[in-house]
Amino acid sequence: MPFAMLRNLQRSPLINEKWDGVVWYAPSIFHGPLAKALKKASGCKGYLIIRDIFPEWAVDMGLMGRGIPYRFFDAVARYQYSVADVIGVQTPGNSSYFQAWQQKPGRTLEILQNWLGKPACERCSIRINETPLAGRKIFIYAGNMGVAQGMSILLDLAEKLSTRSDVGFLFVGRGSDTQRLKNTAQTRGFTNVLFFDEIHPDEIPDLYSQCSAGIVALDPRHKSHNIPGKFLTYMQSGLPVLANVNAGNDLADIIRGEQVGQVCESNQVDELVKLAEMLLEQINADTTFPMRCRNLFERKFSVQQAVRQIVTALTT
């Protein structure tokens with residue numbers, strides 16, 4: 001892929017352009033050769049934005065062992081790291097993985113929070129008041145439903161709260177686990193759970209305006225730290241969160257420290273139930289919840305903040 005991109009660049013009007021800096025994103029782990037060529041041609045610095053540490057997370061999830069495929073992907077990833085002058089990771093917890101990389105002179109490691117632009121606000125095709133969940137307080141999960149999310153516990157949560165006629169769960173998106181989750185909900189006869197296919201991002205704010213809390217889920221086998229994009233969309237919309245994450249994840253500290261929701265690190269459904277009920281009580285009693293969520297977003301996750309930090313790193 002990077003060599004094909006370089007060949008096409010040779011035919012591009014941009015071939016003689018000189019750049020002030022090169023910024024690229026991982027995943028993918030395969031952009032190292034392209035970034036190195038661009039840096040060399042312009043004599044500039046490079047900033048690598050790390051958003052997941054592959055192949056480490058695949059090993060954590062049991063999707064890959066530490067055999068030959070792992071060693072190949074690890075070598076490719078480490079080559080890409082070697083090309084960067086600055087690496088920005090999502091959370092302090094991921095810094096330890098790059099300690100050896102950081103030892104070489106001229107390299108800088110820093111925390112670069114994720115960011116999110118402002119979406120257009122279109123009317124959502126999902127109208128909760130026209131579904132069997134009408135009139136309930138809705139926990140919404142919008143995003144990928146795959147192995148990395150570990151979402152089975154969310155159905156266990158829904159089952160535990162099935163006696164509450166005022167609470168419902170809405171899952172919107174796609175992923176490798178979607179059909180399995182749908183089948184499970186149907187087999188267990190849930191009446192407080194609905195699934196919808198992925199919708200356009202511009203419909204998300206209107207969808208969230210119909211809900212009470214957003215759900216974040218990460219498989220407990222993760223060892224790295226991750227702040228899912230859906231957390232940013234919840235904060236942007238002023239929606240408090242109920243999170244089930246791997247123990248020690250930096251996201252837990254953010255949620256508790258900023259008082260924007262409740263978070264479970266034990267992966268125990270009984271604790272998650274207690275936290276969900278506590279969150280519902282807090283939402284009813286605390287009218288400042290939405291303001292705290294939006295303020296957190298503006299301080300840490302805005303596009304403007306990310307731009308300032310990256311440009312400063314490349315020009316220092």
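Now for a quick tour of the structure.

What counts, and at which threshold
- Residues numbered from 1 in each chain as written.
- Predicted model: local features only at pLDDT ≥ 70, side-chain atom pairs only at ≥ 80, totals over all residues.
- Heavy atoms only, no water.
- Helix = DSSP H or I, 4+ residues; strand = E, 2+ residues; numbered from the N terminus.
- Rg over C-alpha atoms; globule rule 2.2 N^0.38 Å.
- Buried < 20%, exposed > 50% of the residue type's maximum accessible area, 1.4 Å probe, protein only.
- Contact = heavy atoms within 4.5 Å.
- Expected span 1.5 Å × (residues − 1).
- Core = buried A, V, L, I, M, F, W, Y, C linked by side-chain atoms within 4.5 Å.
- Pairing = 2+ DSSP bridges.
- Axes fitted to C-alpha atoms, helices over the stretch in contact; angles between N-to-C directions.
- Salt bridge = Lys/Arg side-chain N within 4 Å of Asp/Glu carboxyl O.
- Phe/Tyr/Trp six-rings, centres within 6.5 Å; stacked < 30°, edge-to-face > 60°.
- Lys NZ or Arg CZ within 6 Å of the ring centre and 35° of its normal.

When helices and strands are tallied, the protein shows 13 helices and ten strands. Against the 2.2 N^0.38 benchmark of 20 Å for 316 residues, the protein shows a C-alpha radius of gyration of 21 Å, consistent with a compact globule. With respect to the three principal axes, the spread of C-alpha positions in the protein is 65 × 40 × 40 Å. Relative to its 316 residues, the protein shows a buried fraction of 50%. At a minimum sequence separation of 6, the contacts of the protein that also span at least 24 residues come to 72%.

Given a rise of 1.5 Å per residue, 16 residues ought to cover 22 Å, and the 23 Å separating the end C-alpha atoms of helix α4 (residues 68-83) matches this to within 8%. Within the span of α4, buried status applies to Y70, D74, V76, A77, Q80, Y81 and V83. Buried positions along α4 lie against β1 (21-26), α2 (32-42), β2 (45-50), α3 (56-60), β3 (86-89) and α5 (99-102).

On to the nonpolar core. Nonpolar side chains tend to gather and get buried jointly when the protein is soluble and globular. In terms of nonpolar packing, the biggest core is built from 35 residues, with I140, L207, F231 and M235 touching the most fellow members. Those elements that provide at least two residues to this core are β5 (137-142), β6 (167-172), α8 (204-208), α9 (229-236), β9 (241-244), α10 (250-258) and α12 (289-300). If near-sequence neighbours (up to four positions away) are discounted, I140 is found in contact with L170, V172, L207, Y208, C211, A213, G214, I215, Y234 and L239. Membership of the second largest hydrophobic core comes to 31 residues, among which are M145, F190, I215 and L272.

A few words on the sheet that holds β2. Spatially, four strands are ordered β1-β2-β3-β4 in an open sheet, and the strand pairing comes out parallel. Every other strand in the sheet has two partners, leaving β1 and β4 (108-111) as the edge strands with one partner each. With direction set aside, neighbouring strand axes in the sheet form an average angle of 20°. Relative to β2, β1 runs parallel, the two sharing six bridges. In the strand pairing of β2, V22 is matched with G46. Sitting on the sheet, α2 touches β1 and β2, and the angle it makes with β1 is about 170°.

A few words now on unusual backbone geometry. For the bond from A26 to P27, the omega torsion is 10°, close enough to zero to count as cis. Note that P27 resides in the loop between β1 and α2. Following P27, the chain continues to S28 via a peptide bond in cis, the omega torsion being 15°. On the secondary structure map, S28 appears in the loop between β1 and α2. A positive phi angle is found at Q259, which is not glycine, with a value near 55°. Phi at N267 is positive, roughly 60°, even though this residue is not glycine. Looking at the element boundaries, N267 is found in the loop between β10 (261-264) and α11 (269-285).

What follows covers the pattern of salt bridges. Overall, the coordinates contain 15 salt bridges when judged by the stated rule. Here K182 and D197 are joined by a salt bridge, their closest N and O atoms 3.7 Å apart. Taken together, the residues span a long stretch of sequence, with K182 in helix α7 (residues 178-187) and D197 in the loop between β7 (193-196) and α8 at a distance of 15 residues. Since its relative accessible area comes to 25%, K182 is described here as partly exposed. A relative accessible area of 55% places D197 in the exposed class.

Summed over the entire model, instances satisfying the criterion amount to ten aromatic pairs. Taking 6.4 Å as the distance between ring centres and 80° as the angle between the ring planes, the aromatic pair formed by F30 and F73 counts as edge-to-face. Within this pair, whereas F30 is found in the loop between β1 and α2, its partner F73 is found in helix α4, the two being separated by 43 residues in sequence. Looking at F30, the relative accessible area reads 32%, which means it is partly exposed. Seen in terms of ring centroids, Y81 and F98 are 5.0 Å apart; in terms of plane orientation they differ by 75°. Their pairing is edge-to-face. Pair noted here: Y81 is in helix α4 and F98 is in the loop between β3 and α5, with a separation of 17 residues, a long-range link. Since its relative accessible area comes to 4%, Y81 is described here as buried. Classification of F98 as buried rests on a relative accessible area of 1%. One residue, R66, lies across the ring of Y70, its end atom 5.0 Å from the ring centre.

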